[in-house]
Amino acid sequence: MTKLPFFDLKTQFQSLREEILAEIASVCDAQAFILGSKVALFEQRIAELCGCSAAVATSSGTDAQLLILMAMGIGPGDAVVTTPFTFFSTAGCVARLGAKPLFVDIDSATMNVDPEKLERFFGRECREASNGLVTKDGLLIRGVIPVHLFGLCCDMDGIRDVCGRRRIPVIEDAAQALGAKYPSKNRIEPAGGMSEFGFFSFYPTKNLGAFGDAGMAVARDPELGRKMKILRNHGMDPRYYHSEIGGNFRMDALQAAVLLKKFPYLEQWSKRRWEIAQCYKDAFAKFARKIMLPSEPYAAQLGSEGHIYHQFVIRTPARDSLREHLEEHGIGTEIYYPVVLHQQKCFAYLGEMSLPESEKAAAECLALPIYPELTDQQVDRVIDSVAQFFN
Ligand SMILES: Cc1ncc(COP(=O)(O)O)c(C=O)c1O
């Protein structure tokens, strides 16, 4: 039986092999490996895509987030609110700076932060003080990080309304959502570019993947963009003079070269993911009582741009046995994410909390293969195997 892997980076590389190797060769010939003109050009591309005045290329998505939080001066005495149903780094970066991550439960359909729960959380757990909104233990709420999980934008009108009324900055975790759009009350807006800050990951399996780690931080305020560029390089300005402490968060020229070559294909690749998602959704509609399918709240306005399907995640109480069944049929799957962040050992110090929608999602979610290079036959094979399980 041939395997149908959960993801397959080799096929995409083969289709662009010569172009990409030529770009890599040009970096090798120049022997200029860190930052430089290719990185600057890639920053420009991302700034244009998300309508931001500043884009700062980094060594990973995690480092992009860390850089933003450092530029905001977040540290001990501060708290930042996010979702517990996300990749670890979203909350890990907050804790690494000595601030406290706080968690608000998700909406069960979208699996993104629910603005109504955020509003209730602020009303119940916080009070207005002279310096802003503070928690019962006296920590200042410095930001909210909504995560556009699996390629679907959060309800940003709701989140911006809740935060805007309290003058709390929003930092979009758009690591999984480059190119996704959101239909706000006034216009169509791009993931990562709807708030004060945003960040992206170019981890190799992302819709736009590097040949290693890479990321990007974006900001609306050009002054903060300038500050992030300095902090990205140890806070050095000018050379060997440091008035602030930063880090080494620089992007390699090799990564920018690869990403620039792949960038023109992003839209068509994400569209193909959408097509595959529609095949899955049509085929699984008849199992509506057994499987919860991904929600597409913006499909009517935006079509394929409303969800870039970084992952196609279904939910079923029979998750583990379905996964086993697919494995027996040679089909790779993944669980994003098996343990919610408030139940991670390293966050035990935050105390016990109950966030039932997130816990339920973690127990039921299963990601099926979805990458642009999947053939129609492979899509059918996934569909047949899932159908066989539920029939
Ligand atoms: C939601 C989310 N946030 C942050 C990150 C961190 O990005 P990176 O792996 O590039 O550090 C990821 C990457 O997997 C992610 O999925």
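Higher on the page you've got the structure.
Now for a look at the structure at hand. (Residues numbered from 1 in each chain as written. Predicted model: local features only at pLDDT ≥ 70, side-chain atom pairs only at ≥ 80, totals over all residues. Heavy atoms only, no water.)

## Focus on the pattern of salt bridges
Thought 1: All told, the structure shown has 27 salt bridges when counted by the stated rule.
Thought 2: Note that Glu43 and Lys229 form a salt bridge whose closest N and O atoms lie 3.4 Å from each other. A residue pair is termed long-range when its members are at least 10 positions apart, and Glu43 in helix H2 (residues 37-49) and Lys229 in helix H7 (residues 222-231) qualify at 186 residues.
Thought 3: Overall, the relative accessible area of 7% leaves Glu43 in the buried class.
Thought 4: Assessed through its relative accessible area of 37%, Lys229 is described here as partly exposed.
Thought 5: Ionic pairing is found between Asp320 and Arg319, a salt bridge with its closest N-O pair at 2.7 Å.
Thought 6: The class for Arg319 is buried, based on a relative accessible area of 7%. (Salt bridge = Lys/Arg side-chain N within 4 Å of Asp/Glu carboxyl O. Helix = DSSP H or I, 4+ residues; strand = E, 2+ residues; numbered from the N terminus. Buried < 20%, exposed > 50% of the residue type's maximum accessible area, 1.4 Å probe, protein only.)

## A few points about unusual backbone geometry
Thought 1: A cis amide bond, omega -5°, links Asp237 with the succeeding residue Pro238.
Thought 2: Structurally, Pro238 is set in the loop between H7 and helix H8 (253-262).
Thought 3: The residue after Tyr336, namely Tyr337, is reached through a cis peptide bond having omega 5°.
Thought 4: Following the sequence through the fold, Tyr337 ends up in the loop between helix H11 (319-328) and helix H12 (356-364).
Thought 5: Although it is not a glycine, Met111 sits at a positive phi angle of roughly 65°.
Thought 6: Given a relative accessible area of 6%, Met111 falls into the buried group.
Thought 7: Positive phi outside glycine occurs at Phe150, with the angle close to 65°.

## Here's the deal with the packing of helix H3 (residues 61-71) against helix H4 (residues 89-96)
Thought 1: The geometry of H3 relative to H4 is characterised by a closest axis approach of 9 Å and an angle of 40° between their N-to-C directions. As summarised for this structure, H3 and H4 are arranged oblique, according to the angle between their axes. Relative to H4, H3 is oriented so that their crossing is right-handed. Here H3 contributes Thr62, Gln65, Leu66 and Leu69 to the contact with H4, which in turn contributes Ser89, Thr90, Cys93, Val94 and Arg96.
Thought 2: Split into classes, the residues belonging to the contact of H3 with H4 amount to four nonpolar, four polar and one charged. (Axes fitted to C-alpha atoms, helices over the stretch in contact; angles between N-to-C directions. Parallel < 35°, antiparallel > 145°, perpendicular 65-115°, else oblique. Left-handed = near helix turned anticlockwise from the far one by under 90°. Contact = heavy atoms within 4.5 Å. Nonpolar A, V, L, I, M, F, W, Y, C, P; charged D, E, K, R; others polar.)

## Things to note about the site of the ligand
Thought 1: Near the ligand lie 15 residues; those nearest to it are Gly61, Thr62, Asp173, Ser201 and Lys206.
Thought 2: Here an oxygen atom of the ligand and a backbone polar atom of Gly61 are 2.8 Å apart.
Thought 3: At a separation of 2.8 Å, an oxygen atom of the ligand approaches a polar side-chain atom of Gln176.
Thought 4: Surface burial for the ligand is 92%, taken as the share of its 390 Å² of free accessible area covered by protein chains.
Thought 5: For the shell around the ligand, the secondary structure elements donating two or more residues are H3 and H4. (Near = heavy atom within 4 Å. Polar contact = N/O pair within 3.5 Å; in protein donor to acceptor, adjacent residues only side chain to side chain. Areas by Shrake-Rupley, 256 points an atom, 1.4 Å probe, with all protein chains shown as cover.)

## So, the packing of aromatic side chains
Thought 1: Tallied over the full model, the rule gives 20 aromatic pairs.
Thought 2: Considering the side-chain rings of Phe42 and Phe202, the 5.2 Å spacing of their centres and the 65° angle between planes classify their relative orientation as edge-to-face. Placement of the pair is Phe42 in helix H2 and Phe202 in the loop between strand E10 (197-201) and strand E11 (215-219), with a sequence separation of 160 residues. Taken individually, Phe42 and Phe202 each receive the classification buried, so the pair is uniform in this respect.
Thought 3: Here Tyr265 and Trp269 contribute two aromatic rings whose centre-to-centre distance is 5.4 Å and whose plane-to-plane angle is 20°, an arrangement assigned as stacked.
Thought 4: Taking the relative accessible area as the measure of exposure, Tyr265 reaches 22% and is therefore partly exposed. (Phe/Tyr/Trp six-rings, centres within 6.5 Å; stacked < 30°, edge-to-face > 60°.)

## Observations concerning the environment of Pro264
Thought 1: On the secondary structure map, Pro264 appears in the loop between H8 and helix H9 (266-284).
Thought 2: When the C-alpha positions of Pro264 and Arg45 are compared, they lie 9.9 Å apart, and in sequence the two are 219 residues distant.

## Remarks on helix H1 (residues 9-30)
Thought 1: Along its 22 residues, H1 runs just 27 Å from first to last C-alpha, ending more than 12% under the 32 Å computed at 1.5 Å per residue.
Thought 2: Along its length, H1 shows its largest kink, about 75°, at Arg17.
Thought 3: Those residues of H1 that fall on the buried side of the exposure criterion are Gln12, Leu16, Ile20, Glu23, Ile24 and Val27.
Thought 4: For H1, the secondary structure elements touched by its buried residues are H2, H8 and H9.
Thought 5: Of the residues that open H1, the one with a side-chain oxygen 3.0 Å from the backbone nitrogen of Lys10 is Asp8.
Thought 6: Looking at the residues trailing H1, positive phi occurs at Gln31, about 50°. (Expected span 1.5 Å × (residues − 1). Bend = angle between axes of the 7 residues up to and from the residue.)

## Examining the nonpolar core
Thought 1: Among the nonpolar cores identified, the biggest contains 53 residues, and Phe42, Ile46, Phe122 and Phe202 are the most heavily contacted of them.
Thought 2: Sorting the residues of this core by element identifies H2, strand E1 (54-58), strand E2 (78-82), helix H5 (115-125), strand E6 (140-145), helix H6 (156-164), E11 and H8 as the ones contributing at least two each.
Thought 3: Formed by 42 residues, the second largest nonpolar core is a distinct cluster that contains Ala283, Ile314, Ala367 and Val379. (Core = buried A, V, L, I, M, F, W, Y, C linked by side-chain atoms within 4.5 Å.)

## Thoughts on the packing of H5 against H6
Thought 1: As a packed pair, H5 and H6 sit with axes 8 Å apart at the nearest point and diverge in direction by 15°. Classified by the angle between their axes, H5 and H6 sit roughly parallel to one another. Here H5 and H6 pass one another in a crossing that is right-handed. Each of Pro115, Leu118, Glu119 and Phe122 in H5 lies in contact with H6, whose residues at this interface are Gly158, Ile159, Val162 and Cys163.
Thought 2: Here the residues of the contact of H5 with H6 sort into six nonpolar, one polar and one charged.

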